[in-house]
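Each chain, written out:
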Amino acid sequence: MPGQAAVARWDIVPRRPIGMRKDGPHLLLEGLTRRLATGDRVPLTLTFARNGAKEVELWVEPAPYAG
């Protein structure tokens, strides 16, 4: 819902990527001004319950199952 943060619980391990998919773990990004393309890198702030905010970089890569 716009204006409300969704809550997800994932095991996040330092320096280990998490593959995002429509049918699995995913993020809903709202307010984008253009469509993201393979190769784009986007700054993202994740907020953790116990450790506060962490700045990360989202990399847009082709889906491994895309033909």
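Residues numbered from 1 in each chain as written. Predicted model: local features only at pLDDT ≥ 70, side-chain atom pairs only at ≥ 80, totals over all residues. Heavy atoms only, no water.

Enquirer: Mind showing me how you'd approach the overall build of the protein here?
Expert: Secondary structure summary: the protein contains zero helices and two strands in total. Of the roughly 6,600 Å² that the protein leaves accessible, carbon and sulfur atoms contribute 53%. (Helix = DSSP H or I, 4+ residues; strand = E, 2+ residues; numbered from the N terminus. Areas by Shrake-Rupley, 256 points an atom, 1.4 Å probe, with all protein chains shown as cover.)

Enquirer: Explanation requested: the environment of Thr38 in the structure shown.
Expert: Relative to the helices and strands, Thr38 is located in the segment before strand 1 (41–48). Classification of Thr38 by relative accessible area gives exposed; the value is 55%. Separated by 22 residues in the primary sequence, Thr38 and Val60 place their C-alpha atoms 5.0 Å from one another. Setting aside chain neighbours within four positions, we find Thr38 in contact with Val60, Glu61 and Pro62. (Buried < 20%, exposed > 50% of the residue type's maximum accessible area, 1.4 Å probe, protein only. Contact = heavy atoms within 4.5 Å.)

Enquirer: Which parts of the structure should I look at to understand a nonpolar patch on the surface?
Expert: On the surface, Trp10, Ile12, Ile18, Met20, Leu27 and Phe48 cluster together into a nonpolar patch covering about 470 Å² of accessible area. Summarising the element assignment, Phe48 is placed in strand 1. (Patch = residues over 30% accessible without salt bridge, like charges linked within 9 Å, V, L, I, M, F, W, Y side chains within 5 Å. Salt bridge = Lys/Arg side-chain N within 4 Å of Asp/Glu carboxyl O.)

Enquirer: It is not clear to me how the pattern of salt bridges should be interpreted in this structure. Could you clarify?
Expert: Charged atoms that come close allow side chains of opposite charge to pair. Using the criterion set out here, one finds two salt bridges in the structure. A salt bridge links Asp40 to Arg34; the nearest nitrogen and oxygen atoms lie 3.0 Å apart. Judged by relative accessible area, Asp40 falls into the buried class, the value being 16%.

Enquirer: I keep staring at the pairing of strand 1 and nothing clicks. Help me out?
Expert: Side-chain direction in a regular strand flips from residue to residue, so the side chains alternate between the two faces of the sheet. Note that strand 1 and strand 2 (residues 52–59) share eight bridges and pair antiparallel. From the neighbouring strand, Arg41 faces strand 2, where its bridge partner is Trp59. Joining the antiparallel neighbours strand 1 and strand 2 is a turn of three residues. (Pairing = 2+ DSSP bridges.)

Enquirer: Where do I start with the environment of Pro62 in this structure?
Expert: Here Pro62 shows up in the segment after strand 2. Residues Pro62 and Thr38, spaced 24 residues apart in sequence, show a C-alpha to C-alpha distance of 5.9 Å.

Enquirer: For this particular structure, what's the right way to read the side chain of Asp40?
Expert: With respect to the helices and strands, the residue Asp40 is situated in the segment before strand 1. Within the structure, Asp40 has its side chain in polar contact with the side chain of Arg34 (distance 3.0 Å). Ignoring anything within four residues of it in the chain, the contact list for Asp40 reads Arg34, Arg35, Leu58, Trp59 and Val60. (Polar contact = N/O pair within 3.5 Å; in protein donor to acceptor, adjacent residues only side chain to side chain.)

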